[in-house]
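Here is what each chain is made of, one letter per residue.
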Number of protein chains: 2
Amino acid sequence: MQNQLQDRIRLPALRERVTTAEAAAQWIQDGMTIGMSGFTRAGDAKVVPMALAKRASTEDLKITLMTGASLGSDVDKTLTEAGVLARRLPFQADPVLRAAINRGDVMFVDQHLSETVELLRTRQMAPIDIAVIEAVAITETGALIPTTSVGNSASFAILADKVIVEINLTQSLELEGLHDIFIPKHRPQREPMPLMSVQDRIGTSVIEIPPEKIVAIVITEKLDSASNILPADHETAAIAAHLVDFFKNEVTQGRLTKSLLPMQAGIGTIANAVMQGFINSPFEHLTMYSEVLQDSTFDLFDAGKLDFASGSSITLSPQKSREVFGNIGKYKDRLVLRPQEVSNHPELIRRLGIIAINTALEADIYGNVNSTHVMGTHMMNGIGGSGDFARNAYLSVFATKATAKNGLISSIVPMVSHVDHTEHDVDIIVTEVGLADLRGLAPRERAQVIINRCVAEPYRAMLNDYVERANQGGGQTPHVLQEAFSWHQKFRETGSMLPVNAQAEHKVPEKEEALAMV
Amino acid sequence: MQNQLQDRIRLPALRERVTTAEAAAQWIQDGMTIGMSGFTRAGDAKVVPMALAKRASTEDLKITLMTGASLGSDVDKTLTEAGVLARRLPFQADPVLRAAINRGDVMFVDQHLSETVELLRTRQMAPIDIAVIEAVAITETGALIPTTSVGNSASFAILADKVIVEINLTQSLELEGLHDIFIPKHRPQREPMPLMSVQDRIGTSVIEIPPEKIVAIVITEKLDSASNILPADHETAAIAAHLVDFFKNEVTQGRLTKSLLPMQAGIGTIANAVMQGFINSPFEHLTMYSEVLQDSTFDLFDAGKLDFASGSSITLSPQKSREVFGNIGKYKDRLVLRPQEVSNHPELIRRLGIIAINTALEADIYGNVNSTHVMGTHMMNGIGGSGDFARNAYLSVFATKATAKNGLISSIVPMVSHVDHTEHDVDIIVTEVGLADLRGLAPRERAQVIINRCVAEPYRAMLNDYVERANQGGGQTPHVLQEAFSWHQKFRETGSMLPVNAQAEHKVPEKEEALAMV
């Protein structure tokens, strides 16, 4: 332990700050705003929040919790069940917290992931009292070496008055050097971000803070939660194949080279499967400039397809995690982890010309996308970085299976019940049925292409019928307003978007089960 | 004339290209894509499009017309009436064209103004065959000196095979040097844009093209159309006063200095009135980094409040136009006109920390904004630059009068009938009733603030009733989907959003008149 502490806490004076999670959690008081590390289940603070939850059984304790993105290790679940969360931002993906948000018990501020620390830096949100950051080690000068994510950790630690560090002994010291920490200056001194290529390093490898801000250090040995993505299936493989065909044609047309442009892929099963589709493709020397690096990133490295990957976190399945973190030296010179403000920065996304591939919960016939709200009201996870990328990308792709719930929900509807991405920011919609290239099209044209290419039967005929009647009313974006949400209404009432006479052909799950989400 | 030609066409070989508008228009053929100068009624090509419209009476002639933004001089009206427009982008503001778009006769591609030339440069839209550019003069090397707007003119001229120039003798040679033309490199060679302050000049003062591309030159003496904004009234003055109070408090809180941050103001009466509200304010050394510079910009200069203004065009009332262009030397060292790709660039908007003030057609209780579609279907003008700014600004403000049509339409509704700006991109909503500061709030909190601060009676009680019933269904963003558009429905059916018993108190215009728009 003493040797480990020498490696892990290299500034001797700080070793006396090592304490228990319970003691560290005592720094956190009712009403505080706490910034914790953690991005897509990677690199989250794990033991201090648990100790905090325990305290809530004997005292009034409500906090605002900010993180990078979603947490693993049941942190959000446990804090929610303990009633500790008054306010949460900018993203989450926990079923227990989600239910509390949808009951109105937790105020959830769903933010573009690049913006949270900008709002803190300009004091447009309440300041962070305490940062709780997981680290591989603390350097000789008191700087923090992050673990498997950077997220908002650097700015949280810089902006907070006090910092609690969780040193995670399961995270290899070899992670040192993987990170590139760049913090923009305050305006009006802000300068251009000097990144011109995905592999450029523009900052420091550690989070530099005055060591006296570190008020407590807790030693942990808890692993990151594994990725919970599902393997590719027939439908996600078909989506990937349509996209590969599309990009082949872009190369043929001379609009892209065989190395395309740097790619971003959203979190989750579909985006991971799409990236895996590039393994057996004619493209080469690919690069990624993304948020979370999932299994597919390392599959592409291993297949010799990918030259470099920049992200803000690494979140892997259990097997892939062992392969990658057991052998990180093999990948380290082709990887960099950055603050999410940098990975998702509009300046860099536009400059690099990112190909952004994100997942839609539903899309409408004009190409507006709902990424977040089930049936228009109930939060799923949050907008995450999809807006940062879609709005500023070279090409903005949204992928979704054409139906959900065994065909009872069409992912393409007359009007999305909630808009996260407007038609202006959506270039391509792709389902297992096909791909709609919407570039340069007016809304009436977009509707025809989306319906013809992306929609599953029998919804195609239903949408054509809707469009025909909508067009009679005229307009740039024709709609029958009183019917615009009738599909969602029908689902709420019957558990299906299908007409009653068509439902016999489908396996109808219990209505209660289908409606459980809303 | 010969002397004028020497000043105006300084490369002698080009003087033989001077011809009539009719002859110049002969270069334009059926099916072509034409890029014309013009941004917010300023600096538009004026005589070649008119000659083109005449030809359409005797031959089949359909074109795709791209511009910077809206045109004056009845160009869009005349081309629409002649049936010449098959496709139009990225913005328009003409009633005759608007009607044709809403009939589905013209395909209108409503784009973020910063993106059009990016899509052309990457060949993601059909290429421009011919550019028609108004200029003050052509230089010794064949470069173009733009007039009162830059818009997309530079990239149109660079990307087109052939260029037709309209030399406008009413535009003073003193405009030379006002412009700053910067063209980003193709990716992956794209570099940081080296602009760090609103007054920085990063390009050339002229549009450099090979002179052999200039196939025709037409001499004109037509003035720009004047601005059609209305003077400030009680309501716009109240909106301005609320915003000035808000910014005073931001200064008191130490979040901004007395010179605030560079300001953008959208086109039109409300944004112009808001900027005029800063004349009698405690702020000083203000700067603008905007699209169109309106009367208020020069009022602020004259009041000693404004240090510098960067825009893409200057559009003024007749009187202000005489004052400014009759004495441009007085302002020239405090002004620059840039390509709209630069004035609206995400990289620069985020870096400079723009305070963006744009106009909403309607907003909803959660802060989503509709900037474009009347009753959800019918195009008004287009999204313009509002998305470029709102998405990347330091602070995104949307202003609207609380009601329209003499109180029969509430500008704040349960759900906007079309989304141009999502709640993520809207920080402040302000009406004459008051100002809602939405920063850091969750949707349920946003609803309370917007209803309490911004809504006119009797709609406030109606919205509170809606929210109460919506909350019973739960969710992050509670709604009663079947009622979400009921206010729009009621307007379509009765000419008013008010309950029938409340309408007696209001002057009800003829239903036909109120419904004419939809």
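Numbering of residues starts from 1 in every chain and runs along the sequence as written. The order in which chains are written sets their letters, starting at A; the order in which ligands are written sets their numbers, starting at 1. Under the rules for a predicted model, residues below a pLDDT of 70 receive no local features and side-chain atom pairs below 80 are neither given nor counted, while totals for whole chains, interfaces and linings still include all residues. Where side-chain values are given, they derive from all heavy atoms of the structure, hydrogens and water being excluded.

Per an unreviewed UniProt entry, chain A goes by Succinyl-CoA:coenzyme A transferase and derives from Rhodoferax lithotrophicus.

Peer 1: For the overall build of chain A, give the residues involved together with the corresponding values.
Peer 2: Secondary structure elements follow DSSP: runs of H or I no shorter than four residues count as helices, runs of E no shorter than two count as strands, and numbering proceeds from the N terminus. Per the secondary structure count, chain A includes 18 helices and 25 strands. Within these notes, the globule rule equals 2.2 Å times the number of residues to the 0.38 power, and the radius of gyration is based on C-alpha atoms. On C-alpha atoms alone, chain A measures out to a radius of gyration of 23 Å, which is about the 24 Å that the 2.2 N^0.38 rule sets for 518 residues. Overall, chain A is about 75 × 55 × 45 Å in size when its C-alpha atoms are taken along their principal axes. Buried residues are those whose accessible area, probed at 1.4 Å on protein chains only, stays under 20% of the maximum for their type, while exposed residues exceed 50% and partly exposed ones sit between those limits. Considering chain A as a whole, with its 518 residues, one finds that 65% of them fall into the buried category. The long-range share in chain A, meaning contacts at least 24 apart out of those at least 6 apart in sequence, stands at 73%. Between two residues, a contact is recorded if the distance between any of their heavy atoms is within 4.5 Å.

Peer 1: So what about the UniProt feature "domain: Acetyl-CoA hydrolase/transferase C-terminal" (unreviewed entry) in chain A? Which residues, and what values?
Peer 2: UniProt positions are given in the numbering used here, feature names are shortened, and annotations may be inferred rather than shown by experiment. Here the UniProt feature "domain: Acetyl-CoA hydrolase/transferase C-terminal" (unreviewed entry) sits at residues 325–465 of chain A. The span residues 325–465 of chain A is 27% helical and 24% strand by assignment, and the distance between its end C-alpha atoms comes to 53 Å.

Peer 1: Give me the lowdown on a nonpolar patch on the surface, citing residues and values where you can.
Peer 2: On the surface, I158, L159 and I183 of chain A cluster together into a nonpolar patch covering about 190 Å² of accessible area. Tracing the chain through its elements places I183 of chain A in the loop between β7 (162–168) and β8 (214–220). Excluding any residue in a salt bridge, patches collect residues exceeding 30% relative accessible area, merging like charges within 9 Å and nonpolar Val, Leu, Ile, Met, Phe, Trp and Tyr side chains within 5 Å. Here the accessible surface of atoms and residues is derived via Shrake-Rupley with a 1.4 Å probe, and residues count as covered only by protein chains that are part of the display. For salt bridges, the criterion is a side-chain nitrogen of Lys or Arg within 4 Å of an Asp or Glu carboxyl oxygen.

Peer 1: Go over the UniProt feature "domain: Acetyl-CoA hydrolase/transferase N-terminal" (unreviewed entry) in chain A with me, naming the residues and quoting the values.
Peer 2: Taken from the UniProt record, the annotation "domain: Acetyl-CoA hydrolase/transferase N-terminal" (unreviewed entry) applies to residues 17–218 of chain A. A helix fraction of 21% and a strand fraction of 19% characterise residues 17–218 of chain A, whose end C-alpha atoms lie 8 Å from each other.

Peer 1: Any details on the pattern of salt bridges? Residues and values, ideally.
Peer 2: Tallied over the entire structure, the rule returns 66 salt bridges over all chains. For E423 of chain A, the salt bridge goes to R446 of chain A, with nearest N and O atoms at 3.6 Å. On the criterion of sequence distance, the pair formed by E423 of chain A in the loop between β23 (412–413) and β24 (428–430) and R446 of chain A in helix α15 (residues 443–454) is long-range, its members being 23 residues apart. For the pair shown, E423 of chain A and R446 of chain A are each scored as buried. With its nearest N and O atoms 2.5 Å apart, the salt bridge here joins D233 of chain B to K401 of chain B. Of this pair, D233 of chain B sits in the loop between β8 (214–220) and α8 (234–252) while K401 of chain B sits in the loop between β20 (395–399) and β21 (403–404), and the two are 168 residues apart along the sequence. Overall, D233 of chain B belongs to the partly exposed group, its relative accessible area being 29%.

Peer 1: Give me unusual backbone geometry: which residues, what numbers.
Peer 2: The linkage connecting R187 of chain A with the following residue, P188 of chain A, adopts the cis geometry, with an omega of 5°. Within the secondary structure, P188 of chain A is located in the loop between β7 and β8. With an omega of -5°, the peptide bond running from L89 of chain B to P90 of chain B counts as cis. Inspection of the secondary structure puts P90 of chain B in the loop between β3 (85–89) and α5 (95–103). For H285 of chain A, which is not a glycine, the phi torsion comes out positive at approximately 55°.

Peer 1: I'd like a description of the sheet that holds strand β16 (residues 362–364) of chain A, backed by residues and values.
Peer 2: All names here are of chain A. One open sheet holds the three strands; their spatial order is β17-β16-β23, and the pairing between them is mixed. In the strand order of this sheet, the two ends are held by β17 (369–370) and β23, each with one partner. Where β16 and β17 come together, two bridges link them in antiparallel fashion. Bridge pairing links A363 to V369 in β17. Pairing between two strands requires that DSSP report at least two bridges joining them.

Peer 1: I'd like to hear about the interface of chain A and chain B, residue by residue, with values.
Peer 2: Interface size is commonly expressed as the accessible area that is lost once the parts come together. Taken together, the 79 residues of chain A in the interface contact 79 residues of chain B. Regarding the contact of chain A and chain B, the summed buried area is about 6600 Å², with carbon and sulfur atoms giving 50% of it. Between the two partners, chain A and chain B, sit ten salt bridges. For the side of chain A that touches chain B, the per-class residue count stands at 26 nonpolar, 32 polar and 21 charged. Buried area: the sum, over both parts, of the accessible surface (1.4 Å probe) that disappears when the two are put together. Lys, Arg, Asp and Glu make up the charged group, whereas Ala, Val, Leu, Ile, Met, Phe, Trp, Tyr, Cys and Pro make up the nonpolar group; the residues left over, Gly among them, are polar.

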